[in-house]
Amino acid sequence: MCILLFCSLVFGVGYCCVFTQPTETAIANEFINLDQTIMDAKLKNSTFDKLKLAPIALAAGAGLMMAAAVPGQAASQLSVDFSPNDSCVASGYAGFIFNNNSAPGTRTYLSGSTGYTGSMDSGTGIGVTLASVSGPSAFRMIDRGGTNLLLRDFAGRDGINLGQDLKFAGLVAGSYLLTIPLTDTNNQDGVVDVQLSTNGATSFSNVHDNLAYGLNQGRSAVLKFQADGINDVIARFWTGGNQFGVTGQTTNTSNINRIFTMNGFVLTRVPEPSLSILGTVLVLGFLPILKKKFPSNDKH
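Residues numbered from 1 in each chain as written. Predicted model: local features only at pLDDT ≥ 70, side-chain atom pairs only at ≥ 80, totals over all residues. Heavy atoms only, no water.

## Digging into the confidence of the model for the chain
Per-chain confidence: the chain averages 80 in pLDDT, with 66% of residues scoring 70 or above. Across residues 1-20 the pLDDT falls below 50, and counting only partners more than four positions away or on other chains, this stretch makes 36 contacts in the model. Scored below 50 in pLDDT, residues 66-72 makes 19 contacts in the model with residues more than four places away or belonging to other chains. (pLDDT = per-residue confidence, 0-100. Contact = heavy atoms within 4.5 Å.)

## Some remarks on the pattern of salt bridges
Scanning all chains against the criterion turns up seven salt bridges. Ionic pairing is found between Asp143 and Arg152, a salt bridge with its closest N-O pair at 2.8 Å. For Arg152, a relative accessible area of 15% translates into the label buried. Salt-bridge contacts for Arg219 lead to Asp189; the nearest nitrogen and oxygen are separated by 2.8 Å. Taken as a pair, Arg219 in the loop between strand S13 (205-214) and strand S14 (220-227) and Asp189 in strand S12 (residues 189-197) lie far apart in primary sequence, 30 residues in all. Among the ionic contacts, a cluster of salt bridges with common partners joins Arg140, Asp158 and Arg258. (Salt bridge = Lys/Arg side-chain N within 4 Å of Asp/Glu carboxyl O. Buried < 20%, exposed > 50% of the residue type's maximum accessible area, 1.4 Å probe, protein only. Helix = DSSP H or I, 4+ residues; strand = E, 2+ residues; numbered from the N terminus.)

## Section: the sheet that holds S12
In space, the six strands of this open sheet follow the order S5-S7-S10-S15-S12-S13, with antiparallel pairing throughout. What marks the edges here is a single partner per strand, and that holds for strand S5 (105-109) and S13. The sheet shows a mean angle of 20° between the axes of neighbouring strands, direction not considered. With six bridges connecting them, strand S10 (residues 163-169) and strand S15 (residues 233-239) associate as antiparallel partners. (Pairing = 2+ DSSP bridges. Axes fitted to C-alpha atoms, helices over the stretch in contact; angles between N-to-C directions.)

## Some remarks on the environment of Asn100
Among the secondary structure elements, Asn100 is positioned in the loop between strand S4 (94-97) and S5. When near neighbours in sequence (up to four residues on either side) are disregarded, Asn100 contacts Phe139, Arg140 and Met141. Polar side-chain contacts of Asn100 include one of 3.0 Å to the side chain of Arg140. (Polar contact = N/O pair within 3.5 Å; in protein donor to acceptor, adjacent residues only side chain to side chain.)

## Considering the nonpolar core
Within the largest apolar cluster, 38 residues are counted, with the highest numbers of intra-cluster contacts made by Phe82, Leu166, Ile180, Phe237 and Phe265. When residues in this core are grouped by element, the largest group, four residues, is from S14. Those residues in contact with Ile180 that lie beyond four places of it in its chain are Leu166, Arg219, Ser220, Ala221, Leu223, Phe237, Met262, Gly264 and Phe265. Among the nonpolar cores identified, the runner-up in size contains six residues, and Ala90, Tyr93, Leu150 and Leu151 belong to it. (Core = buried A, V, L, I, M, F, W, Y, C linked by side-chain atoms within 4.5 Å.)

Right, dumping it as structure tokens:
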């Protein structure tokens, strides 16, 4: 995976680079090349210059050892498909199964089960809840049929200005990316306001104003957040988009701003930078300085 990193200003020089984490063989070869570069330095370099560069050489060497010794953190992911029965669940997804016009409730997903790779919970699984903000607790579960198992069915409340929550419990502290497809292959269409809470509903931030949902495939809500490892994280949706920003969506027919269309979701924990990546930054930052100050004897 390519990662964009910025190395802080070091000795007045800044480096910005795009790189792929090197293999152990590449790291070892670079260490050998670094050692040879210093050993082959021309004698005209003064002892004072070499002493000045000694800390840089040590830092670059330490970076190489860090890159070789510590593996990067792998991404963890939970993929869930809202469906009326097991036969409608998309491949590679866990099912969140419930009947039309019923309260969906909560499902718990354990690391290693279908749809859940890696681990990003505190040890008892990730609790996922679909719930009404107020009023009736029933959700619609509509299946349009077809071969696309993820997009053929969807969950949502029926009516404009009705709030609904998608809640996550048990997440460990870290950075997350939540992607929710919002497609209806038949006739539902509208806009939705999206809010986010990372403190268990104590407060919400506004994320998307009048986000389009339904009809066209490819519509989705994307939320980035930081979990604290203690409180529930809640994504809140308001059909009709009248909660903040642009309001005045008064249309509420059988097809427009009526039934919200959540097909499922993919929740990914974003890997934190590891020591191996930081070590690679040191290498990439210091090697140009060393090679400039210690030119090779290969050219005569």
